[in-house]
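The chain contents come next:
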Amino acid sequence: MKGIITVIGKDRVGIIAKVCVYLSDNGANILDISQTIVGGYFNMMMIADLSGAEKKFEELAAELEILGNEIGVVIKLQHEDIFNVMHRI
Amino acid sequence: MVTNFEIQETNRMIDEANLDVRTITMGISLTDCADSDLNSFCRKAYDKITKAAENLVKTGDDIARQFGVPVVNKRISVTPISIAASACRTDSYVPVAEALDSAAKTVGVNFIGGFSALVQKGSSQSDTVLINSIPEALSVTERVCSSVNAASTKNGINMNAVKRMGQIIKEMAFLTKEKDSVACAKFVVFCNSVEDNPFMAGAYHGVGERDLVINVGVSGPGVVKRSLEQVRGADFETVCETVKRTAFKITRVGQLVALEASKRLGVPFGIIDLSLAPTPAMGDSVAEILQEMGLERAGAPGTTAAVAILNDNVKKGGIMASSYVGGMSGAFIPVSEDNAMIEAAECGALTLEKLEAMTCVCSVGLDMVAIPGDTPDSTISGIIADEMAIGMINGKTTAVRIIPVYGKTVGDEALFGGLLGRAPIMQVNRFGCDDFINRGGRIPPPVHSFRN
C-alpha cells in the first residue's frame, strides 16, 4: 500500500529529517521525494510504501498530523488511490 | 505514478474549494420487523438499526483519514414506516419516530430518513396514520426526517394527499413555532421520489432494495466554481466540458469512498449520488456557479438556462465516472442553505416563480423556501400541486420543502441554524386557489406515461 505525504509550511531546519525519522521508525520505505521552496515556503511531496508498517493507516496519518503541529507545518498522509481515481481512467 | 501537480490539484479542491463526501447513508430494511404490537415493532426496529449501523460513524471517520477528504455526514435511511409498521394496531406512529430518533442518537448519525409514505395513487390505512402523525413526530424528535410521495409520472397526482400536505405543513409549523417552524425543514413532498437517494430530508430505503446497502452522496459546488473561474469568457462548449470534467473527478472520489465503506462495513454498495449540494459555508454555493457563468444574480434572466447546463453536465460527468450513479445526481437549489441564493432572494433578484421555473431543470425542486406564516393551507397545496405537475409531465423528480414560518412575514428572516441555514421570508402570490384544491380526487397520468 502506498501513501502520499505532503508537507506545506514555512521553511525551517529539520523538516525532512523529522518526517523521515518518523517514517523509518514506523517501517515505511520512501520511494520518491520532491521539494520546492518558494518565497520561504516549503512544499514537499513524498511517496512511501507502507506495507511494512505495523500501525494502521489512520493512525499513521493522525500521528503525522500531530508531528506537523509540533514543527509548525501541515503534514498530510493520504492513500494514493484518491489521486489515482481522480486523475487516471 | 501520480505527479506533484495532480496531488496539488486534488488537495486544493479539498482545502480551498470545499470538496467533500457529503454523506455516507446506510439503507436499512425494516420490513422484517413487522409486528402487530407497536412497542415490539419499535424495539425490533431500534435493535436492527443500532446493530447494523454500529460502526457507521467510526468507519466514515477512518475513511476520511485514509484519503484525506472530509466525510461530513453519516446517515441512515429506513423502509418507509407506513409500509414497515403497517401491521401495527395503532392510531399513531409517533412512538416509531421516537424509536428512530433514539437509534440515531445511539449510533451517532445526525439524521435518519424514512418516516415516509408513498401515496401517489391512494392512501392505505397505514399511510393515513403516518401522515396524521408527521407534525407531532417531527416536533418531538430531533433527527427524524419525513417524506411523502404524492405523485408520479406513472400514476398521476393524488390531489387528496396534496390538499392534506398543505394542512400538515401548517400544523408542524405551528408546533415548532418557537424554533422558526423548523419541523418543516425536515419534511418534503415528492413527485417521482427515488428509492436510493442518500440526501435528507427525502432519503428512504425503497422496498426494491436489499436488506442493507451503502449509498454515498458527494458534493462540491466550490470545486465547479473554481474550475469555471479558469475559463471566463469562453463559449458554452468550454463551460460544459469544464463542468463535466470536474464532475467526473468528484464522482470518482465518491466511488472510492463508497467502495471502501462497503468493504469495511461488509455491506453491499448501492449508488453514488453526485449532487452539487450547497452549504451555508463561504464558497460552497450553487448560486455562485451561476454567477460565474455570467449572471449578475441567481434569478436574473438566463438563470433557468444556466441551471439546465449545470445539471445536465454534472450528470454526464458523473455517469462516465461510475456505473452506479443514482439518487438525484444534479444540482440542488435550496435557498436557505446557499449564501448567494439568500442574497439573491433578499435583493429581489430571486422570486418564488423564478425558483419554480428553475426546478423544471434542476435535480429536485423547491427547497428550503421560507414563506409568510399566515399563508393559507390551500395556497401551500397549490404550490405543491404545481411542482408535482412539473415532475409528472417531465418525468423527473420534483419536491417541495417549504416553511411557512409562524409569526413571520415578508421582510423578516428565519434562522434554522447549522446546515439548514437562514432564509429571508419570500413573497407568495396573494390570489387564492381554494376551489381548485377542494375538488379532491386524482389527476390522471399524462399520455406519455403509457410506454409499454
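Residues numbered from 1 in each chain as written. Chains lettered and ligands numbered in written order. Predicted model: local features only at pLDDT ≥ 70, side-chain atom pairs only at ≥ 80, totals over all residues. Heavy atoms only, no water.

Undergrad: Any chance you could explain the overall build of chain B here in plain terms?
TA: Summing up its helical and strand segments, chain B has 15 helices and 14 strands in all. What you see for chain B is a C-alpha radius of gyration of 21 Å, in line with the 22 Å of a compact globule of 452 residues. Its C-alpha atoms put chain B at 65 × 55 × 50 Å along the principal axes. Counting across all 452 residues of chain B, residues that qualify as buried make up 63%. Long-range pairs, those at least 24 residues apart, make up 78% of the contacts in chain B between residues at least 6 apart in sequence. Of the roughly 16800 Å² that chain B leaves accessible, carbon and sulfur atoms contribute 50%. Of note, chain B has its 43 positive side-chain charges centred 4 Å away from the centre of its 51 negative side-chain charges. (Helix = DSSP H or I, 4+ residues; strand = E, 2+ residues; numbered from the N terminus. Rg over C-alpha atoms; globule rule 2.2 N^0.38 Å. Buried < 20%, exposed > 50% of the residue type's maximum accessible area, 1.4 Å probe, protein only. Contact = heavy atoms within 4.5 Å. Areas by Shrake-Rupley, 256 points an atom, 1.4 Å probe, with all protein chains shown as cover. Lys, Arg positive; Asp, Glu negative; His and termini not counted. Charge placed at Lys NZ, Arg CZ, Asp CG, Glu CD.)

Undergrad: Where do I start with the interface of chain A and chain B in this structure?
TA: By a widespread convention, an interface's size corresponds to the accessible area lost as its parts come together. Taken together, the contact between chain A and chain B spans 25 residues of the former and 27 residues of the latter. It is Glu58, Ile82 and Met86 of chain A that lose the most area in chain A upon contact with chain B, and together they represent 26% of the buried surface on that side. At the junction of chain A and chain B, the tally comes to 4 salt bridges. Linking chain A with chain B are 12 residue pairs in polar contact (both at pLDDT 80 or more). Elements with a minimum of two residues in the side of chain A that touches chain B: β1 (2-10), β3 (41-49), α2 (57-71), β4 (73-79) and α3 (81-87) of chain A. (Buried area = accessible area lost by both parts, 1.4 Å probe. Salt bridge = Lys/Arg side-chain N within 4 Å of Asp/Glu carboxyl O. Polar contact = N/O pair within 3.5 Å; in protein donor to acceptor, adjacent residues only side chain to side chain.)

Undergrad: I tried to follow the packing of helix α9 (residues 236-265) of chain B against helix α11 (residues 303-321) of chain B on my own but got confused; where do I start?
TA: Each pair of packed helices gets described by two things: the angle between the helix axes and the distance between those axes. Residue and element names in this part refer to chain B. The N-to-C vectors of α9 and α11 enclose an angle of 45°; their axes lie 7 Å apart at closest approach. Put simply, α9 runs oblique to α11. Relative to α11, the crossing made by α9 is right-handed. Across the interface between the two elements, Phe236, Val239, Cys240, Val243, Lys244, Ala247, Phe248, Thr251 and Arg252 from α9 touch Ile309, Leu310, Asn313, Val314, Lys316, Gly317, Gly318, Met320 and Ala321 from α11. Looking at side-chain class alone, the contact of α9 with α11 contains 11 nonpolar, 4 polar and 3 charged residues. (Axes fitted to C-alpha atoms, helices over the stretch in contact; angles between N-to-C directions. Parallel < 35°, antiparallel > 145°, perpendicular 65-115°, else oblique. Left-handed = near helix turned anticlockwise from the far one by under 90°. Nonpolar A, V, L, I, M, F, W, Y, C, P; charged D, E, K, R; others polar.)

Undergrad: I tried to follow the packing of aromatic side chains on my own but got confused; where do I start?
TA: Aromatic rings in a pair are described by how distant their centres are and how their planes are angled relative to each other. Residue and element names in this part refer to chain B. Under the defined criterion, the tally for this structure stands at 3 aromatic pairs over all chains. Here Phe174 and Tyr406 contribute two aromatic rings whose centre-to-centre distance is 5.2 Å and whose plane-to-plane angle is 70°, an arrangement assigned as edge-to-face. Here Tyr406 lies in the loop between β11 (398-405) and β12 (413-415) and Phe174 lies in helix α7 (residues 159-175), a separation of 232 residues in the sequence. Judged by its relative accessible area of 39%, Phe174 is partly exposed. On the basis of relative accessible area, Tyr406 is assigned to the partly exposed category, the value being 40%. With a centroid separation of 6.4 Å and an interplanar angle of 85°, the aromatic rings of Phe269 and Tyr324 are classed as edge-to-face. Taken as a pair, Phe269 in strand β8 (residues 269-276) and Tyr324 in the loop between α11 and β9 (330-331) lie far apart in primary sequence, 55 residues in all. Assessed through its relative accessible area of 18%, Phe269 is described here as buried. The cationic tip of Lys177 hangs over the ring face of Phe174; the distance from NZ or CZ to the ring centre is 4.3 Å. (Phe/Tyr/Trp six-rings, centres within 6.5 Å; stacked < 30°, edge-to-face > 60°. Lys NZ or Arg CZ within 6 Å of the ring centre and 35° of its normal.)

Undergrad: Can you walk me through the confidence of the model for chain B in this structure?
TA: Per-residue confidence for chain B averages 95 on the pLDDT scale, and 100% of its residues sit at or above 70. Per the prediction output, this complex has pTM 0.93; the corresponding ipTM is 0.88. (pLDDT = per-residue confidence, 0-100.)

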